[in-house]
Amino acid sequence: MTTSNKHPGAPWRNFYGRVKGKTLRPKQEEYLQEDLDRLSPGAVDWEENPDRVPLDLEALFDGAPVWLEIGFGGGEHMVHQAVGNPGVGIIGAEPFINGVAMLLGKIREAGAGNLRVYPGDARNLFDVLSDESVSKAFLLYPDPWPKKKHHRRRFVTQEHLEPLHRVLKPGAEFRVATDIPDYVRQTLVEVPKAGFTWAAEGPEDWRKPWDDWYSTRYEQKALREGRVPHYLTFHRR
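Peer 1: Account for the sheet that holds strand β1 (residues 66-70), with residues named and values stated.
Peer 2: Overall, mixed pairing links the seven strands, which are arranged β3-β2-β1-β4-β5-β7-β6 in an open sheet. With one partner strand each, in any of the chains shown, β3 (115-118) and β6 (196-198) form the two edges of the open sheet. Each neighbouring strand pair of the sheet contributes to a mean axis angle of 20°, computed without reference to strand direction. Relative to strand β7 (residues 230-236), β6 is paired through three bridges, and the arrangement is antiparallel. By the bridge assignment, Phe 196 is partnered in β7 with Arg 236.

Take a look at the structure:
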């Protein structure tokens, strides 16, 4: 699918992928209606913030460090991190509304108050994040776009990585998890090119998950189907 922002001043941005899947359950519709606005990080979309005024993260999370999860899927990992790190504020960006609804249900169940949710393209969120304002970022099992002609749609291209680099603090950690060998190769080429250093010193550093890892449903599916997860850690130069 190809879309653009409706505001006349917005840049043209191709977006490929689903924004909605199966019909939402009544409870999920309830989460979206009752919780989504309350958990917004602020004015992100061009229609509501055409001047691209940066979000006030200091006020949003009472001065706590800010982490970012790009494409949070069903939200398992994001809620896990929020509960385990109550002194951190976490923003998640995810355009797939079914995943957003799943996350909102998990937030209710966990009672996590340090999460904010943007139901859209992460590039719009990058627009309104100040330089060097984010302390850690996660890209976990992103859409693999397996066909070679579609590799430019992957997140690990300069179009996405350059603004990510801008909003991360120097030395900030960027984690990438994927079970697709070709995605690993592209990540190891493109991420350092964007100003990151790969932290691995030996094979165990990409074979073993992080100590605070939460295995998502996507990873469990990959393991059942015989694919090998890779855990890549980078630091922003």
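Peer 1: Quick rundown of the pattern of salt bridges? Include the residues and the values.
Peer 2: Scanning the entire structure with this criterion turns up 18 salt bridges. Between Glu 34 and Arg 108 there is a salt bridge, and its shortest N-O distance comes to 2.7 Å. Taken together, the residues Glu 34 in helix α1 (residues 26-35) and Arg 108 in helix α4 (residues 97-110) connect sequence positions 74 residues apart. Overall, the relative accessible area of 35% leaves Arg 108 in the partly exposed class. Close ionic contact of Glu 225 with Arg 227 constitutes a salt bridge, the shortest N to O distance being 2.5 Å. By relative accessible area, which is 30% here, Arg 227 ends up partly exposed.

Peer 1: I'd like to hear about the pairing of β7, residue by residue, with values.
Peer 2: Most of β7 sits out of view: six of its seven residues are buried. Summarising the sheet, strand β5 (residues 168-178) and β7 pair through six bridges and their orientation is antiparallel. Paired with Phe 174 across the strands is Phe 234, a residue of β7.

Peer 1: Pulling in residues and values, what's your account of the packing of helix α3 (residues 76-84) against α4?
Peer 2: Orientation of α3 relative to α4, taken along the N-to-C sense of each, is 25°, at an axis distance of 9 Å. In terms of their interaxial angle, α3 and α4 are classed as roughly parallel. With respect to the hand of their crossing, α3 and α4 are arranged in right-handed fashion. Contact residues: α3 offers Glu 76, Met 78, Val 79 and Val 83, while α4 offers Leu 103, Lys 106, Ile 107 and Ala 110. A breakdown of the residues in the contact of α3 with α4 according to their chemical character gives six nonpolar, no polar and two charged.

Peer 1: Quick rundown of the packing of aromatic side chains? Include the residues and the values.
Peer 2: Summed over the entire model, instances satisfying the criterion amount to eight aromatic pairs. For the ring pair Phe 174 and Phe 196, a centre distance of 5.6 Å and an interplane angle of 50° mean the geometry is tilted. Of this pair, Phe 174 sits in strand β5 while Phe 196 sits in strand β6; the two residues are 22 residues apart in sequence, bridging distant segments of the chain. The interplanar angle of 35° and the centroid separation of 5.4 Å between the aromatic rings of Trp 198 and Trp 206 together place this pair among those described as tilted. Overall, Trp 198 belongs to the partly exposed group, its relative accessible area being 32%. Trp 206 gets classed as partly exposed once you look at its relative accessible area, which sits at 25%.

Scoring rules and cut-offs
- Along each chain, the written sequence defines residue order, and numbers are assigned to residues from 1.
- Given that this is a predicted model, residues contribute local features only at a pLDDT of at least 70 and side-chain atom pairs are listed and counted only at 80 or more, while totals for whole chains, interfaces and linings are drawn from all residues.
- To get the side-chain values, all heavy atoms of the structure are used, and hydrogens and water are removed first.
- Strands are labelled as partners when DSSP assigns at least two bridges between them.
- Every helix listed is a DSSP run of H or I at least four residues long, and every strand listed is a run of E at least two residues long, numbered separately from the N terminus.
- Angles run from 0 to 180 degrees between N-to-C directions of axes, and those axes are lines fitted to C-alpha atoms, restricted for helices to the stretch in contact.
- Note on definitions: salt bridges are taken to be side-chain nitrogens of Lys or Arg within 4 Å of carboxyl oxygens of Asp or Glu.
- Relative accessible area decides the class of each residue, using a 1.4 Å probe on protein chains only: under 20% of the type maximum gives buried, over 50% gives exposed, and in between gives partly exposed.
- When describing relative orientation, an angle under 35 degrees is termed roughly parallel and one over 145 degrees roughly antiparallel, while 65 to 115 degrees is termed roughly perpendicular and anything else oblique.
- Definitions for this section: a left-handed crossing has its near helix turned counterclockwise from the far helix by less than a right angle. A right-handed crossing has that turn clockwise.
- Here, residues are in contact when the closest pair of their heavy atoms is within 4.5 Å.
- Amino acid classes used here: Ala, Val, Leu, Ile, Met, Phe, Trp, Tyr, Cys and Pro are nonpolar; Asp, Glu, Lys and Arg are charged; the rest, including Gly, are polar.
- Planes of paired rings set the category: under 30 degrees apart is stacked, over 60 is edge-to-face and the rest tilted, where pairs are Phe, Tyr or Trp rings (Trp by its six-membered ring) whose centres lie within 6.5 Å.

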